[in-house]
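Here is what each chain is made of, one letter per residue.
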Amino acid sequence: MSASPETLIKDFGKPSFLSTLTLFDWVWAALVVGGAAYVLYRYGAVMSEYEIGTLCGGALLLTGTGWHWKPLRVFSLAVAALSLSAVWLYGSQLASAETSFILRYLLASQSAIMWMSTLFILGTLAYFISLFARSDYAGQLASAFTWSAAAAGLIGLMVRWRESYLIHPDVGYMPLSNLYEVFILFMLVTTLLYLYYEGRYQTRALGPFVMLIIGAALAFLLWFTFERDGHEIQGLVPALKNWWMKIHVPANFVGYGSFALAGMVAIAYLLRERAERVNPQGVFATRLPSLEIMDDLMYKAITLGFGFFMLATVLGALWAAEAWGGYWSWDPKETWALIILLNYAGWLHFRFTKGWRGTPMAWWAIGGLGITTFAFMGVNMFLTGLHSYGGL
Amino acid sequence: MNTATPSAHSRARIWLEFFGSMTLAITLLSALAISSVVGTVLRQNVPYEDYIIKFGPFWFEVYKSLGLYNVYSAGWFLFVLGFLLLSTSLCVFRNTPGFVRDMRDFRLQHSTRSLRAFAQHAEWTVTLGAEALTAPLKNYLHARGFRVRVKPQGAGLLLAGMKGNANRVGYILTHVAVVVICIGALLDGNLPLKLKEWRGEVDLETKPGILISQVPKESRLPMDTPSYRGGVVIPEGASTRELVLQMRDGYFIQELPFEIRVKDFRVEFYDNGLPKSFESDIVLTDPELEQPLEQTISVNHPLVYKGFTIYQSDFRDGGSRLDLRAWPLRGNSGEALSVQGMVGNNHRLDGPDGSLTLELTDFRLHNVRSALPGSGKKFVDIGPSFTFKLRNEKGEALEFENYMLPFDQDGRGFFLSGVRSDENAEFSPSRIPADAQSGVAGFMRFHAALRDPAQRGKAAQRAASEGPPGTRALAGTAGELLERFAAGGFAATQEYIVSQLASAEGARREQLARAYVALLQNSLHALYVNLDLPRATDAARQQQLFEDAVNTLGALPEYAAPFYFELVDFNQVQAAGLQIARTPGKGMVYLGFGMIVIGVFVMFYLPHRRVWLALSEEGGRTQVLLAGATNRDQLGFAREFEGLRDGLKERLQRL
Ligand code: HEM
C-alpha cells in the first residue's frame, strides 16, 4: 500500500497557513481591508501620507493579529459597529447626546466608559468567585464581562474621538493625549493582553490578579472623573500635535500593560510557590497554573513589554526631536523610560544568560512593576512642575 | 620574553573576561539606572540660588562638587556610561564569532545516542528504507521552516534542520545598536566644550542681565563648534547671529554661521485661553546662499538647514509699546502725566514722595477667565493687561497688574488693578469704577477735586446752602468732613465723627451721627455735581456711578501706589523663542534606534531552533529518531516539538 514517492513527499509537506483559514477569517479580513479602502477612497484626498500609512499599516496589522488570535475578529467587529452607529446617531451636533436615548445611556463616550467601569467590577467579582469557589461557570461569566468591558472602553474612546471634533474641528484630536484617556488605554491594553494569555494557556485563575491592577486604575479613573473633571475634552497644546504621538502612546501602553501583567503574574507565582509548601490542597496550589507556566508567562510578558517600550521610547525621542528641539533632553519622563528599559534589560540578561528562574525573578518583576508605576504616574505627580526638586 | 608573551596574552584574556562578563554588565545597567534617578528627583540646571536656598551653603557645595546639578554631564556619570559601552562592545566582540559559527554549523556530528539524551525526542520504526524516507522527511522539515543538511551515518543517515538564524543577527543588531547610539550621542554632546573649559580656553559667563553684545570673547564659542543646542528670543522684526547656551549657573554665547530674522510671529488660542498654535516666519541669511531662505516654522515643524535644526519652542513679549497715563492719587495735582513705555524697559517718574522707577515687565493681549454661570459661554476674554513694578528710592518694589478695559459686574464697569509684594503671592485686586464713558477720567477728576481745598470749599458751601434751613451754619463742618475723607477715607472720617460726638449721648447721638453722614454725602455729591462730568442716561445708573465712586474713594487710601496707571493704547510686539541645534550625531543615533528596535523584536520572536532526524536501517525497517533543541522559549519549543512529533507520527503510521 505504499504510495508513489511524489505523493509521499507531498504528504509529508505542510498545508500553507492561508489554506487553514476559515470562511469567517476571510469575510472578516475583507471587512477590515474594505473598511480601510473605503476610508482611503472617501477621505484620502485630505489625509497626510503619514495618516495613509498608519491606516494601511493598521488594517494589515489588525488582519494578521485577528487571524492569529481569533476572538479579536468578533471583538473588533462589535466595537466598529457600535462606534459607527454612535457616530451616525450623533450626526453633526453634540447635542444629540441629550436627545438620543441610545447615546445618552449607552454609546456616548461618558456612558460607554461608565459601562466599562461597571463591567470591569462585575468581571473582577466573577473572577474572584471562580477562583475561590472553584466555579468554571463564574469563570466563563468573568471572561464575558471582561471582554465586554474592553469593548465598552474602546467604544468610549472611539466615540470620544468623534465628540472632540463635534465640539470644534480645531479642538478635535485622537483621544490618547491626557491622563484620563491614557488610563482607559492602560486598562484596555492590560485587559486584552490578559485575555490573550487566558485563551492561550486555557486558565482563568490569573484573572483575579490582573483584575486587581485594573481595579486600581479604575478607582483612579473614577476619582479623576468626578473630583477633577478629568473627562472634559480640551484642545491639544501645540507640542502634542505630532504624528509620532499616535504610535508612541499606544506602544508605550503595550509596554506598561505587559509589565503590569508580568508583575501580577509574579504575585500569583509567589503565592503558588508558597502554597505548594504550606497547603498543597489550597486554591492557590491547585487552581493556579503551574509554576513553570507562570514563569514562562512572566518572561513572555516582559519581552513583549520590553520590545514595545523600546519602540515607544525611540518614537518618543523622534517626537521630542521635532517638538522640543532635541531627541534626548534627560527630562524626568524620558529618563524614567530609560530606567525602565535598563531595569528589564537587567532582568532579561539575568534570566537568559545566568539562567535564573522562579522566585527571585518574580520578586524582580514586582519591583519592575513598581518602577513602571512610578514612571507612569509618580513622575507626573512628583517630579514635574514647580515642586519637582523635592525629595532628595 | 617568550615567557612574558603568553602571560601578557592571558592577562588580556582575563581583562576581556572581566569587562565582557554578564555580571559586570548587569551591575553597570543597574548603576546607570540608579544614577539616572538622581537627576530626576533633583531638578537639573535651575539657578544656583535656588539650590543654596534649598540645601544651605554647606550641602550646596557638596552636591555641586558631585555635579548633582547637571548629573547627566557629570564626569562620573559619563564614566559609568563609557564603562557600559566598553562592556557591551566587548560582549559583542566576544560572542559574535561564536554566533556566526553557530549559524553555519548544523551540528551534524550528533549520534543517535547523543540525540536520545535531548529533552525533546521521539522514536518510531517504519517498514520503509532510509533512502525512500529521506526525501519526504527532508520536505517535512522544509515545509516547517527548517533549512536541512543530510549526512550518511552508519547504516543510515542524519538529517539536521535549523531555523531562526536571524535570532543571532538580532543579538548583534541590538548590542551594536547600543554602541552606535552612545557614540552618536557623544558626537552631539558637549564633551568637547567641557574639555575646552577644563583647559581654560573658554570660560562661562555668569554675570546676570548683561547684553549679549557685552559678553567678553572668552565666553563666546566659534562658529565651527561641531555640536550645540541653545535658545534665543527674537522680537518680531529683529534678528540674531548668536545663540545662548545655558550651562550650570551661566551661559556661553555661540556664534552662528548665519543670521536668523523673525519677520512675523503669530499665535492662536483656544476659547479656554490655552495656545492652539504658534508659528514664526523666519528669514535665514547665509553668505553661502544667493538669496535668503524664508520659511514658516511652528512647533513640531522645524526648519532643517545644513545640519542645523531651527525650532519654534515658545514665545513671550518682545517689548510691546505701551501708551500709559499715570493718574496721581496723592498731592494736589489732578493732571495725568502720560508715559510712553516699552515692556522690558524702566521709566523714572517723580512721585509726591520722591522719584519712582516704573519697570514694565509684561503685556498680555488676552486674559481668559471662566465665565459667570448665567452667561451661556464657558469662558470670557477680559481683554489686555500689563504688569509692572514700582520701585521707590529705597529699592523696595510692589508689583501691579492693571487691565485696560473695565470688567463688567452686573452692568457696572470696574477697572481692576492687582497688587502684590512678593512674586509667589496672588494679586490682591482693587477696583476703580468706570465713568459714564467707561473711562477712568471721571473718577480721577472726582478724586482730584476731593484733594483740592478750593473745590472742597465750594462743595461744602453748596451742600450747606442746599441742605435744610438748620444746616446753613455747617459749611465749616462739611469742609472738615471732606478734608478728613480726602485724607483718610471712611476710617478717618468715622474717627472724626466719633470724636465730635464725645459730648452727646443716647438718641441725640444717633441723630447727630446720621446728620454728619448725610452732610458728608451731600458735600460729596455737591463736589461731584460741581464737576458736571458726563452723565449716565438714566438717574438710577447715575446714582450708582456716584455711589461706586464714593465707595472707592473711601477705600482708596489703602491703594499702595501714588499713581494709578491707565493703559490708553498699545502696540504689541511679540518675540519668538527659538531653539537652534547642531547635531552631527543625529543620523547615527537614529540608525542605532532602528537597529535596536528591529534587533530586540527579532531576538524575541525568531528563536533559534534545531531538529535532527536520525535514520538507521536494518533489514528493510528503519528506525526514525526525532530530536530538537532551542536557545530560548523552551516551553514554546516544547509545544512546537509536540506538533512536529505528532505530525510526523501520524504520517509515518500511514506508511
Ligand atoms: C543597554 C545595554 C543592553 C541592552 C539594551 C541589551 C538588550 C538585550 C536583550 C533585549 C536581549 C534578549 C534577552 C532575551 O531574549 O531574553 C539580550 C540578550 C543578550 N545580551 Fe544584552 N543588552 C545590553 C547589554 C549587554 C551587555 C553589556 C552584554 C554582555 C556583557 C550583553 C549580553 C547579552 C547576551 C550574551 C545575550 C543573549 C544573546 C542570545 O544568546 O540570544 N548585553 N540583550
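Residues numbered from 1 in each chain as written. Chains lettered and ligands numbered in written order. Predicted model: local features only at pLDDT ≥ 70, side-chain atom pairs only at ≥ 80, totals over all residues. Heavy atoms only, no water.

> Please clarify how the overall build of chain A should be interpreted in this entry.
On a plain count of helices and strands, chain A comes out with 15 helices and zero strands. Computed over the C-alpha atoms, the radius of gyration of chain A is 23 Å, within 12% of the 21 Å expected from 2.2 N^0.38 for a compact globule of 392 residues. For the C-alpha atoms alone, the extent of chain A along its principal axes is close to 70 × 65 × 45 Å. Taking all 392 residues of chain A together, 53% fall into the buried category. When the accessible surface of chain A is split by element, carbon and sulfur atoms take 70% of a total near 17,600 Å². Side chains of chain A carry 23 positive and 22 negative charges; the gap between the two charge centres is 7 Å. (Helix = DSSP H or I, 4+ residues; strand = E, 2+ residues; numbered from the N terminus. Rg over C-alpha atoms; globule rule 2.2 N^0.38 Å. Buried < 20%, exposed > 50% of the residue type's maximum accessible area, 1.4 Å probe, protein only. Areas by Shrake-Rupley, 256 points an atom, 1.4 Å probe, with all protein chains shown as cover. Lys, Arg positive; Asp, Glu negative; His and termini not counted. Charge placed at Lys NZ, Arg CZ, Asp CG, Glu CD.)

> What should I look at first to understand helix α9 (residues 179–201) of chain A in this one?
Three- or four-residue spacings in an α-helix give side chains the same orientation, since the helix completes a turn every 3.6 residues. Residues and elements named next belong to chain A. Under the 1.5 Å per step criterion, the end-to-end length of α9 is 33 Å for 23 residues, consistent within 8% with the ideal 33 Å. The element α9 is largely enclosed, with a buried count of 20 among its 23 residues. Trailing α9 by a residue or two, Gln202 shows a phi angle of about 50°, which is positive. (Expected span 1.5 Å × (residues − 1).)

> Please explain the site of the ligand as it appears in this structure.
The environment of the ligand is formed by 26 residues, the closest being A:Tyr299, A:His349, B:Cys91, B:His175 and B:Arg632. The separation between a nitrogen atom of the ligand and a polar side-chain atom of B:His175 is 2.7 Å. Residue assignment for the shell around the ligand shows that the elements contributing at least two residues are α13 (291–323) and α14 (332–354) of chain A together with α2 (22–41), α4 (75–104), α7 (166–188) and α14 (586–605) of chain B. Top element by residues in the shell around the ligand is α7(B). It accounts for six residues. Of the residues belonging to the shell around the ligand, the class tally is 13 nonpolar, 11 polar and two charged. (Near = heavy atom within 4 Å. Polar contact = N/O pair within 3.5 Å; in protein donor to acceptor, adjacent residues only side chain to side chain. Nonpolar A, V, L, I, M, F, W, Y, C, P; charged D, E, K, R; others polar.)

> Sorry if this is basic, but what is going on with the packing of aromatic side chains here?
The tally for this structure, following the rule as stated, stands at 67 aromatic pairs over all chains. When the ring of A:Phe132 is compared with that of A:Phe284, the centres are 6.0 Å apart and the planes differ by 75°; the resulting orientation is edge-to-face. Taken together, the residues A:Phe132 in helix α7 (residues 109–132) and A:Phe284 in helix α12 (residues 283–287) connect sequence positions 152 residues apart. Grouping aromatic residues by their ring pairs yields a cluster made of A:Phe183, A:Phe186, A:Phe220, A:Trp223, A:Phe224, A:Phe253, A:Tyr256, A:Phe259, A:Phe309, A:Tyr344 and A:Phe376. For B:Arg168, the ring lying beneath its charged end belongs to B:Phe99, and the centroid distance is 4.3 Å. Of note, B:Arg431 hangs over the ring of B:Phe414, and the distance from its end group to the ring centre comes to 3.9 Å. (Phe/Tyr/Trp six-rings, centres within 6.5 Å; stacked < 30°, edge-to-face > 60°. Lys NZ or Arg CZ within 6 Å of the ring centre and 35° of its normal.)

> I keep staring at the nonpolar core and nothing clicks. Help me out?
As a rule of thumb, nonpolar side chains are buried together in soluble globular proteins. Residues and elements named next belong to chain A. Counting residues in each nonpolar core, the largest one holds 151 residues, and the members touching the most others are Met116, Met187, Leu221, Phe253 and Phe306. Top element by residues in this core is α13. It accounts for 18 residues. Here Phe253 is in contact with Val182, Leu185, Phe186, Val189 and Phe376, once residues within four sequence places are set aside. (Core = buried A, V, L, I, M, F, W, Y, C linked by side-chain atoms within 4.5 Å. Contact = heavy atoms within 4.5 Å.)

> What exactly am I supposed to notice about the sheet that holds strand β3 (residues 156–163) of chain B here?
Two modes of strand pairing occur in sheets, parallel and antiparallel, and in both the strands are linked by backbone hydrogen bonds. Residue and element names in this part refer to chain B. Taking strand neighbours across the sheet as the criterion, the five strands line up as β1-β26-β25-β3-β2 in an open arrangement whose pairing is antiparallel. Two strands in the sheet have a free side with no partner beyond their single neighbour: β1 (120–126) and β2 (147–153). When strand polarity is set aside, the average angle formed by the axes of neighbouring strands in this sheet is 15°. Pairing analysis gives eight bridges linking β3 to strand β25 (residues 609–618), with the strands arranged antiparallel. What sits directly across from Met162, in β25, is Arg610. This element, helix α6 (residues 130–143), spans β1, β2, β3, β25 and β26 (621–630) of the sheet and lies at about 170° to β25. (Pairing = 2+ DSSP bridges. Axes fitted to C-alpha atoms, helices over the stretch in contact; angles between N-to-C directions.)

> When you look at helix α10 (residues 453–466) of chain B in this model, what are you seeing that I'm missing?
Residues and elements named next belong to chain B. The end-to-end C-alpha distance of α10, which contains 14 residues, comes to 20 Å, matching closely the 20 Å that a straight helix rising 1.5 Å per residue would cover. Turning to α10, the residues buried within the fold contact α9 (441–451), α11 (475–500) and α12 (506–530). Capping the start of α10 is the job of one residue whose side-chain oxygen sits 3.0 Å from the backbone nitrogen of Ala454: Asp452.

> Is there a simple way to explain the coordination of the iron atom of the ligand in this structure?
For a metal with four tetrahedral donors the ideal donor-metal-donor angle is 109.5 degrees, whereas six octahedral donors ideally subtend 90 or 180 degrees. Around the iron atom of the ligand, the protein contributes the donor atoms A:His349 (NE2) and B:His175 (NE2), at 1.9 Å from the metal centre. What the six donor atoms of the iron atom of the ligand show is an angle range of 86 to 179° at the metal, which sorts the shape as octahedral. Placement of the pair is A:His349 in helix α14 and B:His175 in helix α7, with the two residues belonging to separate chains. For A:His349, a relative accessible area of 21% puts it in the partly exposed group. For B:His175, a relative accessible area of 11% corresponds to the buried category. (Donors = N, O, S within 2.8 Å, 3.2 Å for Na, K, Ca; no water. Tetrahedral: all angles 85-135°; square planar, octahedral: opposite > 155°, others 65-115°.)

> Just checking my understanding: could you explain the side chain of A:Glu198 for this structure?
Looking at where A:Glu198 falls in the secondary structure, it is placed in helix α9. Not counting residues within four places of it along the chain, the set of residues in contact with A:Glu198 comprises A:Tyr127, A:Ser143, A:Thr203 and A:Arg204.

> Sorry, what's going on with the interface of chain B and chain A here?
By convention, interface size is frequently given as the accessible area that disappears when the constituent parts associate. Facing 67 residues of chain B, the contacting portion of chain A comprises 68 residues. Here chain B meets chain A over a buried area of about 5,900 Å², counting both sides, of which 66% is carbon and sulfur. A:Asp170 serves as the salt-bridge partner of B:Lys276, at 2.7 Å between the closest nitrogen and oxygen. For the interface between chain B and chain A, the tally reads 19 residue pairs in polar contact (both at pLDDT 80 or more). In terms of residue class, the side of chain B that touches chain A is made up of 40 nonpolar, 13 polar and 14 charged. (Buried area = accessible area lost by both parts, 1.4 Å probe. Salt bridge = Lys/Arg side-chain N within 4 Å of Asp/Glu carboxyl O.)

> Which parts of the structure should I look at to understand the side chain of A:Arg351?
Residue and element names in this part refer to chain A. Of note, Arg351 is situated in helix α14. Separated by 2.6 Å, the side chains of Arg351 and Asp295 make a polar contact. Beyond its immediate sequence surroundings of up to four residues, Arg351 is in contact with Asp295, Asp296, Tyr299, Trp356, Arg357 and Met361.

> Please explain the pattern of salt bridges as it appears in this structure.
In a structure, side chains of opposite charge can pair up when their charged atoms sit close to one another. Inspection of the entire model under this criterion finds 41 salt bridges over all chains. Put simply, A:Asp25 and A:Arg73 hold a salt bridge, and the shortest N to O gap is 2.7 Å. Separated by 48 residues along the polypeptide, A:Asp25 in helix α2 (residues 23–43) and A:Arg73 in helix α4 (residues 71–90) bring together distant segments of the chain. On the accessibility criterion, A:Asp25 (0% relative accessible area) is buried. According to the relative accessible area criterion, A:Arg73 is buried, its value standing at 11%. The shortest N-O distance in the salt bridge between B:Lys306 and B:Asp286 comes to 3.2 Å. One end of the pair, B:Lys306, is in the loop between β10 (303–305) and β11 (308–317); the other, B:Asp286, is in the loop between β8 (275–285) and β9 (293–298), and 20 residues separate them in sequence. Salt bridges sharing common partners tie together B:Asp102, B:Asp105, B:Arg107, B:Arg168 and B:Arg610.

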